[in-house]
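Spelled out, the chains give:
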Amino acid sequence: MAISRRDVLLGSAGALGAASFSFPAPAIAQSEPIKIGCLAAITGPSSAPTVGFNRGVNFAVDAINGAGGVKGRKIELVMRDTQGDPTKAVNATQELISQAKVHAIWGPLNSGEALATTPIMARAKMPDLHPCVVETLIDPVKFPNAFRIAPSNNQWDDAVRNYCLKILKVKKVAVIGDTTGYGVTAVGASVAAFKKDGAEVVYQANIDATQPDMTPDMLRAKNAGAEAIVVWSVSTGMEARMFNTRAAMNWDVPFVGHPSLASGELATLVAKPENWKKVYAIGYKSCSYDSAGKLPPKSADLVARLTKANIALNDTLLWWIAGGIDCIELIAKAVAESGSTDSAGIVNYWNSLSTYPGYFGNYRFSPTQHNGYLTEEIVMSEASTAKDGTFALAPGYT
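As the structure is a computational prediction, the values presented were derived from the model and not from experiment.

Rules used throughout
Residues numbered from 1 in each chain as written. Predicted model: local features only at pLDDT ≥ 70, side-chain atom pairs only at ≥ 80, totals over all residues. Heavy atoms only, no water. Buried < 20%, exposed > 50% of the residue type's maximum accessible area, 1.4 Å probe, protein only. Helix = DSSP H or I, 4+ residues; strand = E, 2+ residues; numbered from the N terminus. Arc of directions from axis to C-beta. Contact = heavy atoms within 4.5 Å. Salt bridge = Lys/Arg side-chain N within 4 Å of Asp/Glu carboxyl O. Pairing = 2+ DSSP bridges. Axes fitted to C-alpha atoms, helices over the stretch in contact; angles between N-to-C directions. Phe/Tyr/Trp six-rings, centres within 6.5 Å; stacked < 30°, edge-to-face > 60°. Lys NZ or Arg CZ within 6 Å of the ring centre and 35° of its normal. Parallel < 35°, antiparallel > 145°, perpendicular 65-115°, else oblique. Left-handed = near helix turned anticlockwise from the far one by under 90°. Core = buried A, V, L, I, M, F, W, Y, C linked by side-chain atoms within 4.5 Å.

Enquirer: Explain helix H7 (residues 215–223) here, please?
Expert: What sets the pattern is the α-helix's 3.6 residues per turn: residues three or four places apart point alike. When we look at burial in H7, the residues that qualify are Asp217, Met218 and Ala221. Down the axis of H7, the sector holding all buried residues measures 100°, keeping them to one side. Structurally, H7 contributes buried residues whose contacts are with strand E6 (172–178), strand E7 (200–207), strand E8 (228–232), helix H8 (236–248) and strand E9 (255–257). Just beyond H7, the residue with positive phi is Gly225, at close to 90°.

And the structure:
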């Protein structure tokens, strides 16, 4: 029997929660918590997404537990700070599996860490949901327990490249990323795709996210004739320094790229508000408002409930929060559906989801497809129009 979205999210009081699932009493110890391991870069230069994701995760857990849990079982989060370091992520993963004995893992939230941890989770048959975009992280044969609830890097890359070439109509680009595993992989893939489509990549670089002065790299890009700068990094500090350097150089070049270019945290990091102009970030239909300032109804309802719960939205992205909520619900529903916290039951439930209406977007999984996010839900956003972690569509984008 399927769980309806209302059963899980709304309940009789109309608040996010899971007071009762419509299933026969499962054969699980009613007092044993459902332990969810969380691998998150809480500190370090890659921490911006974690801020939003953790708010969603905690919001969902509090709501579900407050409504009675999953058939009487409370959710227990076991959080580990990876600091964006693959070695720390590996150690935390091993500890969560062998010592904390979690039932499922959310994360890592950074592809460089996930490249190191995904094989470990596969060997342990640990159910894993993550938002990491590197293509090779999803392989139902090699990693049958890993599922992605965000677009892949190819989906992101296509959106950015098409915006640059078809809407901005630039022919020369600079492609810049950080030095993480994700940044290096993303820059390489982006450069190859631009060249394949006939664009000239006049400058490419991977920069340490803590580098204090962006002037040398920005000057090289300008002197090479870049008409747009494509950025692949989750480091808002690095991005803000690039924006500030562009302003100091009096260079009117647009930035296009990673969703973190639109993180609300940037409003406090740029020297002047206008330094954040002409910045276009990957966005999503669920988190885009129309010309009247209205979000899609489901997203508007979520924002209202987050606001009522005093969850801050102005310094992060709504999709990060929504993704965190979706992750917890997907695990909770899998436990309720399968009647246990066994790995096979959780994975089998996720494999059965031909359509799943999340808050971040609609997901589609199967035994042979663990890339769940639909390409048609990706748009481009105008970064400086941030409002409660949501955005207006980028100019020229429909």
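Enquirer: I'm lost on the environment of Gly183 in this one. Help?
Expert: Checked against the element boundaries, Gly183 lands in helix H6 (residues 181–196). The class for Gly183 is buried, based on a relative accessible area of 0%. Apart from the residues lying within four places of it in its own chain, the contact partners of Gly183 are Asp178, Asn206 and Trp232.

Enquirer: What exactly am I supposed to notice about the pattern of salt bridges here?
Expert: It is possible for side chains bearing opposite charge to pair when their charged atoms get close. Enumeration over the complete set of coordinates arrives at ten salt bridges. A salt bridge links Arg161 to Asp158; the shortest N-O distance between them is 2.8 Å. With a gap of three residues between them, Arg161 and Asp158 both fall in helix H5 (residues 153–167), about one helical turn apart. Here Arg161 falls in the buried class, since its relative accessible area comes to 9%. Here Asp217 ties to Arg220 by a salt bridge, and the two come within 3.6 Å at their closest N and O atoms. One end of the pair, Asp217, and the other, Arg220, are both in helix H7, three residues apart, so they sit about a helical turn from each other. Judged by relative accessible area, which is 9%, Asp217 ranks as buried. Put simply, Asp157, Asp158, Arg161 and Asp197 are held in one network by salt bridges that share partners.

Enquirer: Just checking my understanding: could you explain the sheet that holds strand E3 (residues 104–106) for this structure?
Expert: The strand order across the open sheet built from five strands is E2-E1-E3-E4-E5, with neighbouring strands paired in parallel fashion. The open sheet terminates on both sides in strands that have one partner only, identified here as strand E2 (75–81) and strand E5 (146–148). Averaged over neighbouring strand pairs, the angle between their axes works out to 20° when direction is ignored. With respect to the sheet, helix H2 (residues 48–66) is in contact with strand E1 (34–40), E2 and E3, its orientation differing from that of E2 by roughly 160°.

Enquirer: Help me understand the sheet that holds E9 in this model?
Expert: Backbone-to-backbone hydrogen bonds join strands into a sheet, with any given pair of strands oriented parallel or antiparallel. Strand order in the open sheet formed by six strands is E7-E6-E8-E9-E10-E14, and the pairing between neighbours is mixed. Of all the strands in the sheet, just E7 and strand E14 (378–382) have a single pairing partner and so form its edges. When the angles between neighbouring strand axes are averaged without regard to direction, this sheet yields 25°. Sheet analysis places strand E10 (residues 279–284) next to E14, joined by five bridges and oriented antiparallel. Note on E14: the bridge partner recorded for Ile282 is Met380. Packing of H8 onto the sheet brings it into contact with E6, E7, E8, E9 and E10, and relative to E6 it is tilted by some 145°.

Enquirer: Explain the packing of aromatic side chains here, please?
Expert: Aromatic ring pairs: the centre-centre distance and the angle between the two ring planes describe each pair. Under the defined criterion, the tally for this structure stands at 16 aromatic pairs. A ring pair is formed by Phe53 and Trp319, whose centres lie 5.7 Å apart and whose planes are at 90°; its orientation type is edge-to-face. Of this pair, Phe53 sits in helix H2 while Trp319 sits in helix H10 (residues 318–338), and the two are 266 residues apart along the sequence. Of the two residues, Phe53 and Trp319, both sit in the buried class. Over the ring of Tyr289 we find Lys387; its NZ or CZ atom is 4.2 Å from the centre of that ring.

Enquirer: What should I look at first to understand the packing of H5 against H6 in this one?
Expert: Axes are the key here: two packed helices are described by the angle between their axes and the distance separating the axes. At their nearest, the axes of H5 and H6 sit 10 Å apart, and the two run at 50° to each other. The angle between H5 and H6 places the two elements in the oblique class. Of the two elements, H5 crosses H6, and the hand of that crossing is right-handed. Listed contacts from H6 to Asn153, Trp156, Asp157, Arg161, Cys164 and Leu165 of H5 are Tyr182, Ala186, Ala189, Ser190, Ala193 and Phe194.

Enquirer: Can you help me understand the nonpolar core in this one?
Expert: Among soluble globular proteins, nonpolar side chains are generally buried collectively. In terms of nonpolar packing, the biggest core is built from 115 residues, with Ile229, Trp232, Trp319 and Trp350 touching the most fellow members. At 14 residues, H10 tops the list of elements feeding residues into this core. Residues Val78, Ala92, Leu96 and Ile105 belong to the second largest nonpolar core, which totals nine residues.

Enquirer: Please clarify how the packing of helix H3 (residues 86–100) against helix H4 (residues 111–123) should be interpreted in this entry.
Expert: It is the contact of H3 with H4, at a shortest axis distance of 8 Å, that shows an interaxial angle of 30°. In this view, H3 runs roughly parallel relative to H4, as classed from their interaxial angle. In this structure, H3 crosses over H4, and the sense of that crossing is right-handed. Touching Pro86, Ala89, Val90, Thr93, Gln94 and Ile97 of H3 are Gly112, Glu113, Ala116, Thr117, Ile120 and Met121, all from H4.

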